[in-house]
Amino acid sequence: MADEKRLSARRKHTLKSCMLVVANNLLDAEATVKSGEREKFLADKCPPLELPYSKDELVELCKTLHEQLDISEEERYSIEFKLNLVLNEVRDLNIKIVDLRGKFKRPRLKKVRMSADAMLKALLGSKHTVNMDLRANLKQVKKEVKEEDKQLRDVGDWRKNIEDKSDRKKMFDS
């Protein structure tokens, strides 16, 4: 990358202008081709009108024009109908894409209270009966209450506790 030489501003400008000229020429050529196709299509579909001089020929001309008009209207209607079908299909597919991407909000799941026994029954079926009573296997331990803990709990008024400590301070001072 470092070995490549950078283009100067003047060189960039000339390259850009050359590209624009080529693109402009291509656009002009494309426009002339499109106009030629348009002229050819109109010449095929709409031949030059030759007005007859007699009444019978005018009536015949009107009938043929009406028939051509009916045919073109039918084509237009069928094309519009197909277009609407395609647009509806595109709209439905866009909705499916949005749904598949997950843009919708997921509902919050409710908490279900289930015991271990009920969970095992749900997973394994009703055939397997497994008792998961964990409390039955535990040992019971009686709590021993110490006298010091009782004294700490019995101290109700904080002022008494402060007075007791002030007496200790006096002991150290003397």
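Residues numbered from 1 in each chain as written. Predicted model: local features only at pLDDT ≥ 70, side-chain atom pairs only at ≥ 80, totals over all residues. Heavy atoms only, no water.

*Asks:* Residues and numbers for the overall build of the chain, please.
*Replies:* Scanning the chain from terminus to terminus reveals five helices and zero strands. Moving toward the C terminus, one meets the helices and strands of the chain in the order α-α-α-α-α. A buried classification covers 1% of the 174 residues belonging to the chain. Per element, the accessible surface of the chain, about 18900 Å² overall, is 57% carbon and sulfur. (Helix = DSSP H or I, 4+ residues; strand = E, 2+ residues; numbered from the N terminus. Buried < 20%, exposed > 50% of the residue type's maximum accessible area, 1.4 Å probe, protein only. Areas by Shrake-Rupley, 256 points an atom, 1.4 Å probe, with all protein chains shown as cover.)

*Asks:* Please provide a residue-by-residue account of the pattern of salt bridges, values included.
*Replies:* One pass over the structure, following the stated rule, counts two salt bridges. Residue R76 is joined to E73 by a salt bridge in which the shortest nitrogen-to-oxygen separation is 2.8 Å. With R76 and E73 both in helix α2 (residues 55-101), this residue pair falls three residues apart, about one helical turn. R76 gets classed as partly exposed once you look at its relative accessible area, which sits at 41%. By relative accessible area, E73 is classed as partly exposed at 37%. The residue E80 makes a salt bridge to R76 at a minimum N-O spacing of 2.7 Å. Within this pair, E80 and its partner R76 are both found in helix α2, separated by four residues, close to a single helical turn. Its relative accessible area of 37% is what places E80 among the partly exposed residues. The network of salt bridges with shared partners includes E73, R76 and E80. (Salt bridge = Lys/Arg side-chain N within 4 Å of Asp/Glu carboxyl O.)

*Asks:* Report on a nonpolar patch on the surface, specifying residues and quantitative values.
*Replies:* A cluster of nonpolar residues, V112, M114, M119, L123 and L124, forms a patch on the protein surface that exposes about 520 Å² of accessible area. The topology assignment puts L124 in helix α3 (residues 116-124). (Patch = residues over 30% accessible without salt bridge, like charges linked within 9 Å, V, L, I, M, F, W, Y side chains within 5 Å.)

*Asks:* Explain a negative patch on the surface to me, using residue names and the numbers behind them.
*Replies:* Side chains of D56, E57, E60, E67, D70, E74 and E75 sit close together on the surface and give a patch of like negative charge. Inspection of the secondary structure assignment puts E74 in helix α2. For E74, a relative accessible area of 57% gives the class exposed. (Lys, Arg positive; Asp, Glu negative; His and termini not counted. Charge placed at Lys NZ, Arg CZ, Asp CG, Glu CD.)

*Asks:* Break down α2 for me, citing the residues and quoting the values.
*Replies:* Over its 47 residues, α2 extends 68 Å from the first C-alpha to the last, a length consistent with the 69 Å expected when each residue adds 1.5 Å. Sitting at the head of α2, S54 places a side-chain oxygen 3.4 Å from the backbone nitrogen of E57. Directly after α2, the chain includes G102, whose backbone phi takes a positive value near 90°. (Expected span 1.5 Å × (residues − 1). Polar contact = N/O pair within 3.5 Å; in protein donor to acceptor, adjacent residues only side chain to side chain.)

*Asks:* Explain the confidence of the model for the chain to me, using residue names and the numbers behind them.
*Replies:* Scored by pLDDT, the chain has a mean of 80; 71% of the residues are at 70 or more. Within the chain, helix α4 (residues 147-154) has the poorest average pLDDT of any element, 63, and helix α1 (residues 9-45) the best, 93. (pLDDT = per-residue confidence, 0-100.)

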